[in-house]
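Listed below are the residues making up each chain.
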Amino acid sequence: MAQVTATSYPVSYTTTGTINGTKYKNAIGKGADTAAVSGNDYSNGGSSSTATISYAFEFPDIPEDAEIDSVTCQVKGHLENTSKSTANLQLYAGSTAKGTQTKFTSTSAQTITVTAGSWTRAEIDTMTLRFTIGYYGGLINGATVTVTYTWNDVKYQITISNQTSITVTANPAEVSQGKSSEIIADSITGLTITDNGTDVTSQFVEKQEEGYSYTVDEVGSYGFSLNSNGYYQSDNKGVSKTAAVSRVNIHVPVAATVTFTFINYAEESYDFGVFGNVDTALNTNYYSAGSSGATITDSSYKLACNTSTHNKSSTQTLTYSITAGDHFIDVKYSKDDASDAHNDTLQFKVAITLDEPFTPSTYYSYTITNVQTNHTITVTSGSTGPVFYEKGSSGSWSIGVTVQSGYKKVNGAWTIVSDISTLFDTGTHYVKGN
C-alpha cells in the first residue's frame, strides 16, 4: 500500500500569564520575609538588607502533552535609586533558575526582557518570577510571560486503499513476449487495470502468499543453472582455474530452517563446493592446487566439500537457521588448474521450512493467457488531482483511508500512539502528502 504523511493543523499556540498593578518596594530591615515586603520603609536596616518576592504564573490552557517551543518574559518597573538600589529579576522552575539574571537600570519606568531559557511542559506548572531587591529597592508595575507551544504535532502514516503497488515497473508497463505472464497487485480497490486496452480488473483472482521466497543469482563469471533434475548445477564444468559462485537470496516472514540437498562429485581435494555462512559473501576466486589439495582462500564458510566425506555421487544435506527477514547464502564450486573427475559439478536444491506460525497475506493475481505478443498493462487510479481525506462523525475515513500507525512528539521525543485515529478531528480535511 502507498504511504503518505499528513499533519493536523493548527499546531502552534501562544498563551500568556501576567501580573498587573502590583507595586512592591524593598522593606529595609525585613530581610527575606516575603510576606512583609510591601511597605515603603527606607530608613531602617543596613545597606546589605535584601528581600525576595516570587510571582507565580498559571497557564491552565496548555495541554499536558504539549511541547514547549519558547518562553519570553517582559517586566515593567524601575529602581528607586540607581546608586544605592539593586533589583534583580530571574525566572525559576520550582527551585531551579532558568535563563539568565537581569535587572532594572533606571529610576524611570522601563520594560526589560528576561532571558527565559528552554522549558518542559512540567516546568511550566512551577514557573515563578523572582524579584530580589536590596537597600533603596525598586518596583515592579507588571510582568507578562508568553509561552508558545506545539500541540498535536503528530506524524501520521496513512494507508490509501485506492492505490497499489504491482510488479510491473512503469505505467503503462509492457509484458514482452516470452516474459512472465502473472501480474500481481496487493489491492485492486479503486483501480482500473487494462491489458492491451481491455478492462481485466474483474479477472484478478484473490490468492494467499506462501510467506517465503528465494532466488538464485549469479555472482561471478560463472554461476549455477537449473538442470533437468531440478538441481542448480555449477556452470564451469571442465574449465580449469575458475569458480562458479551464486547467491541464494532468501526472504522469510518468521524464523525458518533452510535445507540444501546437494551432490558434490568431483576431483577429490582439488575441485569442490563450498557453502558460505549466512549473510557472508564468498570470494569469486578459484582455489589453487597445493601438495595436499587446494587451499581455501575464503576466510569464513560453513562447509567445504574437499574430503571423501562430502565428495560422493549420493545426495547430502546441510541446514541453516535464519531469523525473519531478508538473508543470503553464497554457494561456490571451485576448480583448480589441473584435472577433472567424475561429474565435475556441485549441484543443489533449496527447501525452506517456517519454524513459527505465520498468517499469509492476501494478494490478487492476473494471468495473461496469450504471451505470444507484447501486452501493455495500464493501471488507473480511481481519483485524480489533489486528494483530501476526511474523518466522518462515525469515525470512518472517506476514500477508503485507514490510519496505520503514528508517533507524537512530546518534549522533543517521539512517542508511539496506540490509537492514532482518535487524534484526527472529526470533519476536518487532511491533504495527501508527497
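Here the residue numbering is sequential within each chain, running from 1 through the sequence in written order. For this predicted model, a pLDDT threshold of at least 70 governs which residues receive local features, and a threshold of 80 or more governs which side-chain atom pairs are given and counted, while totals over whole chains, interfaces and linings are taken from all residues. Note that water and hydrogens are dropped before the side-chain values are worked out from all heavy atoms of the structure.

## Details of the overall build of the chain
What counts is decided by this rule: Only runs of H or I of at least four residues qualify as helices and only runs of E of at least two qualify as strands under DSSP, and these elements are numbered from the N terminus. Methods summary: accessible areas were calculated by the Shrake-Rupley approach with a probe of 1.4 Å, and residue burial reflects only the protein chains presented.
Of the regular secondary structure elements, the chain holds 1 helix and 31 strands. Counting only carbon and sulfur atoms, one obtains 46% of the accessible surface of the chain, whose full area is about 21500 Å².

## Overview of the sheet that holds strand S17 (residues 224-226)
Backbone-to-backbone hydrogen bonds join strands into a sheet, with any given pair of strands oriented parallel or antiparallel. How we decide: For two strands to be treated as a pair, DSSP must find no fewer than two bridges joining them. Note on geometry: axes are lines fitted to C-alpha atoms, helical ones only across the stretch in contact, with angles between N-to-C directions running from 0 to 180 degrees.
The strand order S17-S18-S25-S20-S23 describes an open sheet built from 5 strands, whose pairing is antiparallel. Edge strands, defined here as strands with exactly one partner in the open sheet, are S17 and strand S23 (312-322). The mean angle between the axes of side-by-side strands here comes to 25 degrees, regardless of whether they run parallel or antiparallel. Pairing of strand S18 (residues 232-234) with strand S25 (residues 345-354), which is carried by 2 bridges, proceeds in the antiparallel orientation. The residue of S25 that forms the bridge with Gln233 is Gln347.

## Here we look at the pattern of salt bridges
A side chain with one charge can pair with a side chain of the opposite charge if their charged atoms come near. This is how it is decided: Any Lys or Arg side-chain nitrogen located within 4 Å of an Asp or Glu carboxyl oxygen qualifies as a salt bridge. Partly exposed describes any residue whose relative accessible area lies between the buried limit of under 20% and the exposed limit of over 50%, with all areas from a 1.4 Å probe on protein chains only and scaled to the type maximum.
Here the structure, examined in full by the defined rule, presents 8 salt bridges. One salt bridge connects Lys98 with Glu123, and the closest N-O pair in it is separated by 3.1 Å. Pair noted here: Lys98 is in strand S6 (residues 96-103) and Glu123 is in helix H1 (residues 121-124), with a separation of 25 residues, a long-range link. Residue Lys335 is joined to Asp271 by a salt bridge in which the shortest nitrogen-to-oxygen separation is 2.9 Å. Taken together, the residues span a long stretch of sequence, with Lys335 in strand S24 (residues 325-335) and Asp271 in the loop between strand S20 (256-265) and strand S21 (272-275) at a distance of 64 residues. For the pair Lys335 and Asp271, one class covers both residues: buried.

## Points about the nonpolar core
Applied cut-off: Residues grouped as a nonpolar core are buried Ala, Val, Leu, Ile, Met, Phe, Trp, Tyr and Cys residues, joined through side-chain atoms within 4.5 Å. By definition, residues are in contact when any of their heavy atoms lie within 4.5 Å.
Counting residues in hydrophobic clusters, the biggest one holds 30 residues, and the most contacted among them are Val71, Val75 and Leu91. Elements that contribute at least two residues to this core include exactly strand S3 (50-56), strand S4 (67-79), strand S5 (85-93), strand S7 (110-114), strand S8 (127-135) and strand S9 (138-150). When near neighbours in sequence (up to four residues on either side) are disregarded, Val71 contacts Leu91, Ala116, Trp119, Ile124, Met127, Val145, Thr146 and Val147. Tyr232, Phe262, Tyr333 and Phe348 belong to the second largest nonpolar core, which has 25 residues in total.

## Re the environment of Tyr92
Let me state the cut-off plainly: What qualifies as a polar contact is a pair of N or O atoms within 3.5 Å, subject to a donor-acceptor requirement within protein and to the restriction that residues adjacent in sequence count only when both atoms come from side chains.
Assignment of secondary structure puts Tyr92 in strand S5. A residue is classified by how much of its surface remains accessible, and Tyr92, at 13% relative accessible area, is buried. Placed 38 residues apart in sequence, Tyr92 and Arg130 show a C-alpha to C-alpha distance of 7.0 Å. The residues touching Tyr92, leaving out its near neighbours within four places in the chain, are Ala97, Lys98, Trp119, Thr126, Met127, Thr128 and Arg130. At a separation of 3.5 Å, a polar atom in the side chain of Tyr92 contacts the side chain of Arg130.

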